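Structure at a glance
Here are the chains, one letter per residue:
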Amino acid sequence: MSVSPGEYPFVAGRHAIPAIAALWGRGKVYGAGKVIKQGFGYSGCGTVEDLRDFYLGEGAGLTMRGPNLAFDLPTQIGLDSDDPRSEGEVGKVGVCMDSLKDFETLYEIFQGDRDLDKISSNWTINGTTNLILAMYIALAEKRNIPISSLKGTPQNDILKEFVARGTQMFPVDASMRMTRDTITFCTEYMPKMNTISISGFHMREAGATRVQAIAFTFANAIAYFQTAIDAGLDVDQFAGRTTFLNFGGGMELLKEAAARRAARKVWAKIMRDRLNSKKPKNWIYKETGGALAGYWTCTKQRPLNNWMRVGLGAAFSALIGDPPALVPPFDEPLGLGHSPEADQLSADAARIIMEECKLSDVQDVFAGSYYIESLTSRYEKEIFDLIDRIDEMGGATKVAENGWMKKEIARSAFEFEKKMETGENIRVGINKYTEADEIEIIPKLTSMYHSIDTAKAEQKQLDKLKKLKQERDNKKVQSCLEKIENAARDDKVNLIPFFVEAVKEYTTMGEICNTLKKVFGDAMDN
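Fair warning: this is a prediction, and the values are worked out from it, not measured in the lab. (Residues numbered from 1 in each chain as written. Predicted model: local features only at pLDDT ≥ 70, side-chain atom pairs only at ≥ 80, totals over all residues. Heavy atoms only, no water.)

Thoughts on helix H19 (residues 509–520)
One turn of an α-helix holds 3.6 residues; hence residues three or four places apart share an orientation. Given a rise of 1.5 Å per residue, 12 residues ought to cover 16 Å, and the 16 Å separating the end C-alpha atoms of H19 matches this to within 8%. Of all 12 residues that make up H19, 9 are buried, and the element is covered over most of its length. Of the residues making up H19, those classed as buried are Met-509, Gly-510, Glu-511, Ile-512, Cys-513, Thr-515, Leu-516, Lys-517 and Phe-520. Residues of H19 that are buried in the fold lie against helix H2 (73–76), helix H4 (129–142), helix H6 (172–189), helix H16 (454–471), helix H17 (474–488) and helix H18 (496–504). (Helix = DSSP H or I, 4+ residues; strand = E, 2+ residues; numbered from the N terminus. Expected span 1.5 Å × (residues − 1). Buried < 20%, exposed > 50% of the residue type's maximum accessible area, 1.4 Å probe, protein only. Contact = heavy atoms within 4.5 Å.)

Set out below in structure tokens:
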């Protein structure tokens, strides 16, 4: 039996009326003049001074609704910039953030009519989420802004780090405790703050099949939700402040569309029937949308072909009622930071899909198609079967801890590469159509971060950090670290208030994480 958009199990779309994403801050009005805005502008590299000045200049358009921050690798894994293991990585793939002093500097530009209670901050961070959150709280309290008014989204999806990325700092149980602390603290004190953005994207990029990416993501989500429920929360207390990023994608777009439709059904049934949510709006699988073609499909060779790949993915996103976001821009494989030229082409292509082709005017044009409907049902069963298998092994935390999930993804990646080598899988310009008469078109592009000298970032950060540690009250820092260590030994204690106290004294992220490792252990040792 077919259902309408906005009706359980939401296979035809999450909303009864198409929700059209605003692109580059310019939206499409629908219904009673309402506009749905899609966040863009994921960015960050160098020092916070570099990034602040970038946002004041050519990067101003990236922060219209608040920053969407990328952090460097040391920040992601809880190392200070002066840690020997950080050498060569400071400020490279994101901005470095050692202490509240860095946080204060970056957020200098967000004041007045763009103060913390008027923007939404997004942080792509996982293992150190609660330390970034503590800095945000400390900064708000310094500005006399109630933390109950703060809005934002940390990624905070630590299980997929064990499976696909590797930035976990603590063993699984301690890592899940940190996630529990985020959800319980924000539910009580920061009701406008999203607590987690659960992602299948990274697993898909690592080699997972479309079914694995969805099933593993939902298995992880079940583990997070159950952890919060076990801490005493009702699922409907916190579910509204959880989101999904997306599942990534691939070039077999009819199959990707069917899998995304199936995912909506699966999540609705999990929320209603397994987690016993009583609020239908919490049964809806909420994601940013787009990315149906994935990032891994983009190639360094003939990079303009990526625009076609991602553009087709965006069109198919529109056909299943998702925003037609062209992500990534075509120059994704060419280096850090998308060029303004590639960003403009992506934005315009999405506008063409919506405004000229009108593909977003209908929610689910595939409804009733025998091929799509049969695929949707097949994927729904396969996803549930895989979740059941994970349950039989003890749940997502167990299979993340023992490496089973990671091995399954590696196996799928190996099978895909074998098919690339034999030619069973085709990538134009890579393993087919590579004859001498084919033309390689390399466009001239402008670096997004041309004003930031990342080669000098590390020394600048080291000089700042040395000065900070000399000028702060180190006795208070030591006292805060002792309190954190003692609190960490009691599993029932929420550590976020202790982190807030510590960062206010300019205790660094690395110092706090090293203290926690004395109690929790170090995942990097495994």
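Still more to cover.
Topic: the packing of helix H8 (residues 210–230) against helix H10 (residues 253–274)
Think of two packed helices as two axes; the pair is described by the angle between the axes and how far apart they sit. Interaxial distance between H8 and H10 falls to 10 Å at its minimum, and their mutual angle equals 20 degrees. Considering their axes alone, H8 and H10 lie roughly parallel with respect to each other. Our pair here, H8 against H10, has a crossing hand that is right-handed. Side by side, H8 and H10 meet where Arg-210, Ile-214, Phe-218, Ala-221, Ile-222 and Phe-225 of the first sit next to Lys-255, Glu-256, Ala-259, Ala-263, Val-266, Trp-267, Ile-270, Met-271 and Arg-274 of the second. (Axes fitted to C-alpha atoms, helices over the stretch in contact; angles between N-to-C directions. Parallel < 35°, antiparallel > 145°, perpendicular 65-115°, else oblique. Left-handed = near helix turned anticlockwise from the far one by under 90°.)

Things to note about the pairing of strand S5 (residues 120–124)
Residues Ser-121 and Trp-123 point to one face of S5 and are all buried, whereas Ser-120, Asn-122 and Thr-124, pointing to the other face, are not buried. Here strand S4 (residues 68–70) pairs with S5 via 3 bridges, running parallel. Bridge pairing in S5 links Ala-70 to Thr-124. Sheet analysis places S5 next to strand S6 (residues 151–154), joined by 4 bridges and oriented parallel. (Pairing = 2+ DSSP bridges.)

Details of the domain arrangement of the chain
Domains assigned within the chain are domain 1 (20–154 + 438–526) and domain 2 (155–434). Between the C-alpha centres of domain 1 and domain 2 there is a distance of 24 Å. Contacts between domain 1 and domain 2 engage 64 residues on the former and 59 residues on the latter. Run the count over domain 1 and domain 2 and you get 26 residue pairs in polar contact (both at pLDDT 80 or more). Looking at the side of domain 1 that touches domain 2, the elements that each hand over two or more residues are H2, S5, H4, S6, H17, H18 and H19. Ranked by residue count, the leading element in the side of domain 1 that touches domain 2 is H4, at 5 residues. (Domains from an automatic or database assignment. Polar contact = N/O pair within 3.5 Å; in protein donor to acceptor, adjacent residues only side chain to side chain.)

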